[in-house]
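A structural walkthrough
Take a look at the letters that make up each chain.
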Amino acid sequence: MVFKSINPYTEEVNWEYDSFSFEDCEAHIKKSRAAFSEWSSLSIEERTGYLARAAEVLRKNSDIYAEIITKEMGKPIKQSRAEVQKCALVCDYYVKNAAEFLKNEFVDTGAEKSYVSFEPLGVILGIMPWNFPFWQVFKFAIPAICAGNVCVLKHASNVPRSALEVEKIFLEAGFPEYVFKSLLIDSRTAMEIIKKDMVDGISLTGSINAGSEIGELAGKTIKPFVLELGGSDPFIVLEDADIGRAAQAAAKSRFLNSGQGCIAAKRFIVLEAIIEDFTKTFELEVNKLKVGNPMDEETDIGPVARKEFVKDLEKILEDATKKGAKPLIYGKDCEKGFFFKPTIIPAASLDMEACSVEVFGPIAPLITVKDDDEAVNVANSTEFGLGAEVWSGNLDRAEKMAKRIRSGFVAVNGMVRSDPRLPFGGVKKSGIGRELSHYGLKEFTNIKATVVNK
């Protein structure tokens, strides 16, 4: 099998790589396990020293890495550069905090000494998506590696160069070989690796179907796992909100990365009293966005990552139109590339696919509600529960509403965004477990109790 990296803007092949055989993977994972023995024996301070050098490599080469991201999956170059910088920030965070997070916790049990320690598990397999091809990997790998584990990566098939480049970052930063290893493999091979009991934990960011399959296999082999399975995040605007600020954030949250984000706002739930004003203001903000060549510094919306995604989005729009929607479409036609123009669906109904599935692209349905209770009911009406936003001038009201929303993250008067300082993950079918913060750092550790008596 050959992995082809196709430029979503030029539609040309960037790079081609042969896939690894299962035998290749066995050999590589064996070396990763040997590397674990050495890596896990280092002190936390020694391990974080390597992380600090990884941050330096990321910052030094950020323009190079940003260009690879943009060529592989079409993200506007200024957003790709920000993604690389965020990878450096997650390294900085654990350099500063890991020793405190992983120190022994002493407990008074009446014994001479009792404590809880956090010990690494071994080889952790990461199965990561293409939409943030560097950040998704660093978000998973840096906490796991910092805790003393080693990582192997199965990246999305359309971003093989990103997978290989991330491995090079670890090597350039001086990490011992096989502390991090990219495996160019398909999903079937990744599943075989889990079935054969070759790894000690699995972290997946992907679809519900993939999460269900991984969860079943991990259960059979008794392995810990973290699943981040996407969302259909509600963006609630109450009548006392600053409509200008809310509309500006709505445009950014929905159309960043061409709408291809797990935590992008996807359903805009607006109180009836302000729906007209919000819609007009939102339209103005969307109309400001520049669609075009993602290598252009002025571009806000590039192509979607793959050709077939355009057809998927067209079907969602066709479904909405059949059910009475009159979509508002913005942006100029582009002569080439996998483009889908930013689209607003006013007066969207809950039976539309645009309001019920995870829409990975620049479509924004507006749902009108009468009051706070209806807003919460609509927000909670999907199988997802990743993020949510509430916009209101009354913080007490907004926080009370936030408490009623079933999600892993709620932002009041701000955008949902992953932050190394905060746990990241969802409830319901948005996933299991947490990434980032001290919670994510401990996901792939043995939380061991030790009691010492005289």
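Scroll up for the structure.
Owing to the predicted nature of the structure, the values given are computational and were not obtained by experimental measurement.

A word on the overall build of the protein chain. Secondary structure summary: the protein chain contains 15 helices and 18 strands in total. Here the C-alpha radius of gyration of the protein chain, 23 Å, is about what a compact globule of 454 residues would show, namely 22 Å. Within the protein chain, buried positions represent 57% of all 454 residues. For the protein chain, long-range pairs separated by at least 24 residues make up 72% of all intrachain contacts whose partners lie at least 6 apart in sequence. With an accessible surface of roughly 19000 Å², the protein chain has 49% of that area assigned to carbon and sulfur atoms. Between the centroid of the 58 positive side chains of the protein chain and the centroid of its 66 negative side chains there is a distance of 1 Å.

Turning our eyes to something else, we now look at empty space enclosed by the protein. Throughout the structure, instances matching the rule amount to 3 cavities of 30 Å³ or more. In this structure, the largest cavity encloses a volume near 70 Å³. Forming the walls of the largest cavity are Lys139, Phe140, Pro143, Ala144, Ser203, Val226, Arg434, Glu435, Leu436, Gly440, Glu443 and Phe444. Of all the elements, helix α5 (residues 135–146) adds the most residues to the lining of the largest cavity, at 4 residues.

A word on the sheet that holds strand β18 (residues 445–452). Strands sit in the order β3-β4-β18 across an open sheet of 3 strands; the sheet is antiparallel. This sheet does not close on itself; its edge strands, each paired only once, are β3 (105–106) and β18. The pairing of strand β4 (residues 113–120) with β18 spans 8 bridges and is antiparallel. Bridge pairing in β18 places Val116 opposite Ala449.

A probe as big as a water molecule, rolled over the atoms, marks out the empty space that is left. In this structure, the largest pocket spans a volume of roughly 950 Å³. Lining the largest pocket are 36 residues, and of these Pro129, Trp130, Thr205, Gly206 and Ser207 sit closest to its centre. Among the secondary structure elements, those contributing two or more residues to the lining of the largest pocket are α7 (187–195), β8 (201–205), α8 (208–220) and α11 (307–322). Split into classes, the residues belonging to the lining of the largest pocket amount to 20 nonpolar, 8 polar and 8 charged. The computed volume of the second largest pocket comes to approximately 760 Å³.

Conventions used here
- Residues numbered from 1 in each chain as written.
- Predicted model: local features only at pLDDT ≥ 70, side-chain atom pairs only at ≥ 80, totals over all residues.
- Heavy atoms only, no water.
- Helix = DSSP H or I, 4+ residues; strand = E, 2+ residues; numbered from the N terminus.
- Rg over C-alpha atoms; globule rule 2.2 N^0.38 Å.
- Buried < 20%, exposed > 50% of the residue type's maximum accessible area, 1.4 Å probe, protein only.
- Contact = heavy atoms within 4.5 Å.
- Areas by Shrake-Rupley, 256 points an atom, 1.4 Å probe, with all protein chains shown as cover.
- Lys, Arg positive; Asp, Glu negative; His and termini not counted.
- Charge placed at Lys NZ, Arg CZ, Asp CG, Glu CD.
- 1 Å grid on protein atoms, 1.4 Å probe; cavity = no way out; pocket = protein on both sides within 12 Å on 5 of 7 lines; lining within 4 Å.
- Points joined across faces, edges and corners; volume = space filled by probe spheres on them.
- Pairing = 2+ DSSP bridges.
- Nonpolar A, V, L, I, M, F, W, Y, C, P; charged D, E, K, R; others polar.

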